[in-house]
Amino acid sequence: GHPVPRTRGLLEHRLLAVLARMFGVGAVLPLLHRSEVEGIAKYRRQAAQWTDPAAQGVIRDILPDEIGHEVETFHAMRQTRASGAALRSAILGASDGLGSVLALVSGVAAATGSSPAVLISGVAGVVAGAVSMAVSNYVSVRAEHDAQASEVRLLRDAAEAIPEAKRVQLEQHYQSRGLTEAEARTVVARAARTPQALVNLDLTEIHGVSDSAPESAVRLAWYTGAAFVAAGIIPVIPFLILPARAAIVTAIGVAGLALFLTGIVRALLTLSPFLRSGMEMFLAGLGSAAVTYLVGLALGVAVG
């Protein structure tokens, strides 16, 4: 007769779900894979520490499932590796927007003590920074795509011109991975029954070139620019409603929190601890703002 309690996920799980909806499942798979690896290690430690036969029996039943989850997430992570580019672009734009615009408004506020002056410079900085970051990311991604396409074209030409040499190279590669000469020859013969299959095998196995479609440079540039604007406007907003001195304190506090949260999200890509990543972003952003504030204060005194 008791009502079933409402199921609520952990904050970390809810954050992962939001990021997966925004940037795709591939963006959060590395963290999920790491948690599976850590889970397996935890169960193995418990199996070594606990002497109770019943507990060890439970752990022996659990471990195969955990290992299966690790294999599944690793396979999915390799299949969707490119999805993380969207999250990387967004984090790049957000972190640069917060840090650079906070430093800008801090320097202008220290030099002028005027909220309108900070608003003008802050908005200009947000617009200019967003456009610059988006264009830079677009050019960078396009250059990477062109370089990879050129490499693929050259490798395809070589594999089609000298298929036997490529066959031998693949056999030697598999032998270096532990297969016997006969096994390597069999694997290559079965996996490369057509010239196109041989080319694809050479690209993926020898050169590590993915056959998946690359991320759109325009899409990644849009993520970077939009994230820069969304994050960069945060330190500017307090100057809309507060005097310069009160606004700079508020901007530093709000932007500092946003920098910390950005660092936590960045940990999804670097697989570093959440707290350490958040503190690194927090200290780096506030450090640059402090330096710029002191420079602006000195300039204001000198000019004034």
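Given the structure is predicted, the values throughout are model-derived calculations rather than measurements.

The rules behind these values
Residues numbered from 1 in each chain as written. Predicted model: local features only at pLDDT ≥ 70, side-chain atom pairs only at ≥ 80, totals over all residues. Heavy atoms only, no water. Patch = residues over 30% accessible without salt bridge, like charges linked within 9 Å, V, L, I, M, F, W, Y side chains within 5 Å. Areas by Shrake-Rupley, 256 points an atom, 1.4 Å probe, with all protein chains shown as cover. Salt bridge = Lys/Arg side-chain N within 4 Å of Asp/Glu carboxyl O. Helix = DSSP H or I, 4+ residues; strand = E, 2+ residues; numbered from the N terminus. Buried < 20%, exposed > 50% of the residue type's maximum accessible area, 1.4 Å probe, protein only. Core = buried A, V, L, I, M, F, W, Y, C linked by side-chain atoms within 4.5 Å. Contact = heavy atoms within 4.5 Å.

## What about a nonpolar patch on the surface?
So, step 1. A cluster of nonpolar residues, Val123, Val127, Val131, Val135, Tyr138, Val139, Val218, Ile233, Ile237, Leu240 and Ile241, forms a patch on the protein surface that exposes about 990 Å² of accessible area.
So, step 2. Elements supplying a minimum of two residues to the nonpolar patch: helix H5 (115-161) and helix H10 (238-241).
So, step 3. With six residues, the top contributor of residues to the nonpolar patch is H5.
So, step 4. Assignment of secondary structure puts Tyr138 in helix H5.

## Topic: the pattern of salt bridges
So, step 1. Scanning the entire structure with this criterion turns up two salt bridges.
So, step 2. Among the ionic pairs, Asp146 bridges to Arg142, the shortest N-O distance being 3.9 Å. Taken together, the residues span about one helical turn, with Asp146 and Arg142 both in helix H5 at a distance of four residues.
So, step 3. Asp146 sits in the partly exposed class, given a relative accessible area of 43%.
So, step 4. Exposure remark for Arg142: the relative accessible area of 38% places this residue in the partly exposed category.

## Structural notes on the nonpolar core
So, step 1. Judged by nonpolar contacts, the single largest core of 26 residues is most densely connected at Leu98, Val101, Leu102, Val105, Val118, Val236 and Phe239.
So, step 2. Mapped by element, the contributors of at least two residues to this core are helix H4 (84-112), H5, helix H9 (217-232), helix H11 (244-270) and helix H12 (274-303).
So, step 3. Considering each element in turn, this core owes the most residues, eight residues, to H4.
So, step 4. Non-local contacts of Val236, meaning those with residues more than four positions away in its chain, are made with Val101, Val105, Leu119, Gly122, Val123 and Val126.

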